[in-house]
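# Architecture and fold: a report
Given next are the chains, with one letter for each unit.
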Amino acid sequence: MTRKLLAALLVATALSPAAALAEDPIRLAFLAASSQNGYNDATWQGVQAAAKEAGNVEVEIFDGEFNAAVQYAQVEDIVAGGRFDGIIVAPNDTVGIATALEEATGAGLLVASVLFPVGPDLTVMTPQVKGLTTTVASNPVIGATAGAEEVVTFCEGKDPCKVVIMIGQLQFPFDNLRYQTFQTVLGQHANIKVVATGEGSYSPDASLTAFQDILQANPEIDAVLSNADQHLLGVEIALKDAGIPIEPIYLIGGGLNAITVEKIKEGLFDATASGYPFSEGFYAADALIRAKKGETVPNWIDPATLAKNPPIVTKEWLDANPDFVAEWEG
């Protein structure tokens with residue numbers, strides 16, 4: 001082969017679409033429900049870890065501010081901007097954002113949803129949005145049912161067993177579903193009385209205020225059932241401020257953060273429903289990266305089935321697994 005022909009072939013290869021594509025980084029946007037939220041921060045760390053492992057992948061986080069309108073506009077801006085190859089979204093409005101994500105997939109972007117599915121039915125994990133690549137989430141009804149059943153077990157022999165439900169925000173479809181699930185499970189037992197419901201907004205401070213108000217009308221409480229560990233931190237402070245002993249009250253949260261793990265070990269909290277924020281971010285980013293490279297990826301990844309810890313983590317389980325490390329700080 002002559003030098004001239006070899007040089008021509010090298011130039012042609014360098015300028016070919018395949019070579020250019022190989023050199024261009026894959027760009028993914030992570031749309032956090034709120035970048036100030038500990039769970040979302042751990043998801044973002046998972047996204048970054050997958051990008052680093054894959055190499056030649058750039059990622060950027062967007063703060064949804066727990067505001068559905070803000071997040072919807074972010075999707076529209078990403079579609080219009082043309083800078084990204086894919087979107088990973090922790091949806092604030094699992095129903096309303098579907099239209100924007102359909103526009104994204106229609107424009108050729110890869111899309112993954114984490115923590116919850118996007119669409120009208122939160123119990124359907126396979127994609128309900130046309131063209132959506134994958135959902136990385138566990139069925140929220142399963143976790144909520146498991147948590148409520150722990151309260152049922154605690155309440156056996158107590159009549160009445162006075163329970164407070166602490167939920168995130170009932171305006172969110174996923175919190176509404178969890179709340180309805182709590183009510184359904186507890187409502188099957190005549191000895192259990194739900195005396196109050198508080199909205200903690202996934203914030204210890206908001207939970208403190210809400211629970212202080214609840215205690216004024218309901219100073220005698222047997223159990224607190226929550227969907228978020230952050231809520232229990234506010235509940236703990238409110239109980240201490242009111243001079244009410246914590247240990248006799250059954251406290252169960254959700255999310256499995258490191259602070260709650262330590263409090264369960266200490267015997268202050270009793271249990272929490274497992275959460276997998278880092279894994280969700282990692283699996284979602286990994287799936288989009290692989291899909292961008294032309295690989296086939298599953299349209300639903302359930303992190304619970306890939307985890308070593310059980311759906312409900314208790315002191316007994318933690319004592320038997322002393323090396324367990326939670327995926328987020330909270």
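Before reading on, note that the structure itself is shown above.
In short, a report on the structure. The structure presented is a predicted model; accordingly, all values stated were derived computationally and were not measured. (Residues numbered from 1 in each chain as written. Predicted model: local features only at pLDDT ≥ 70, side-chain atom pairs only at ≥ 80, totals over all residues. Heavy atoms only, no water.)

## Remarks on the pattern of salt bridges
- A full pass over the atoms with the stated rule returns 11 salt bridges.
- For Lys-240, the salt bridge identified is with Glu-236, shortest N-O distance 3.1 Å. In this pair, Lys-240 and Glu-236 are both assigned in helix α9 (residues 229-241), four residues apart and thus about one turn of the helix distant.
- Here Glu-262 and Lys-265 are joined by a salt bridge, their closest N and O atoms 3.7 Å apart. Of this pair, Glu-262 and Lys-265 both sit in helix α10 (residues 258-266), three residues apart, which is roughly one turn of that helix.
- The network of salt bridges with common partners includes Glu-236, Lys-240 and Lys-263. (Salt bridge = Lys/Arg side-chain N within 4 Å of Asp/Glu carboxyl O. Helix = DSSP H or I, 4+ residues; strand = E, 2+ residues; numbered from the N terminus.)

## Some words on the state of the cysteines
- Evaluation of the coordinates by the stated rule reveals one disulfide.
- The disulfide partner of Cys-155 is Cys-161, and the gap between their sulfur atoms is 2.1 Å. Handedness here is read from the sign of the S-S torsion; for Cys-155 and Cys-161, about -55°, the answer is left-handed.
- According to the relative accessible area criterion, Cys-155 is buried, its value standing at 0%.
- For Cys-161, a relative accessible area of 0% corresponds to the buried category. (Disulfide = S-S within 2.5 Å. Buried < 20%, exposed > 50% of the residue type's maximum accessible area, 1.4 Å probe, protein only.)

## As for helix α11 (residues 277-292)
- Its 16 residues give α11 an end-to-end C-alpha distance of 23 Å, which sits within 8% of 22 Å, the value for a rise of 1.5 Å per residue.
- Every buried residue of α11 is accounted for by Pro-277, Ser-279, Glu-280, Gly-281, Phe-282, Ala-284, Ala-285, Ala-287, Leu-288, Ile-289 and Ala-291.
- Residue Gly-294 follows α11 closely and has a positive phi angle near 95°. (Expected span 1.5 Å × (residues − 1).)

## Examining α10
- Regarding α10, the residues found buried are Ala-258, Thr-260, Val-261, Lys-263 and Ile-264.
- Contacts from the buried residues of α10 go to α9, β10 (271-274), β12 (312-314) and α13 (315-320).
- Among the residues of α10, the N-terminal cap falls to Asn-257, whose side-chain oxygen and the backbone nitrogen of Ile-259 are separated by 3.2 Å.
- Following α10 by one or two positions, Gly-267 has its phi on the positive side, about 90°. (Contact = heavy atoms within 4.5 Å. Polar contact = N/O pair within 3.5 Å; in protein donor to acceptor, adjacent residues only side chain to side chain.)

## Comments concerning a negative patch on the surface
- On the surface, a cluster of negative charge is contributed by Glu-76, Asp-77, Glu-102 and Glu-103.
- Counting residues per element, the ones that place at least two in the negative patch are α4 (68-81) and α5 (98-106).
- Summarising the element assignment, Asp-77 is placed in helix α4.
- Classification of Asp-77 by relative accessible area gives exposed; the value is 57%. (Patch = residues over 30% accessible without salt bridge, like charges linked within 9 Å, V, L, I, M, F, W, Y side chains within 5 Å. Areas by Shrake-Rupley, 256 points an atom, 1.4 Å probe, with all protein chains shown as cover. Lys, Arg positive; Asp, Glu negative; His and termini not counted. Charge placed at Lys NZ, Arg CZ, Asp CG, Glu CD.)

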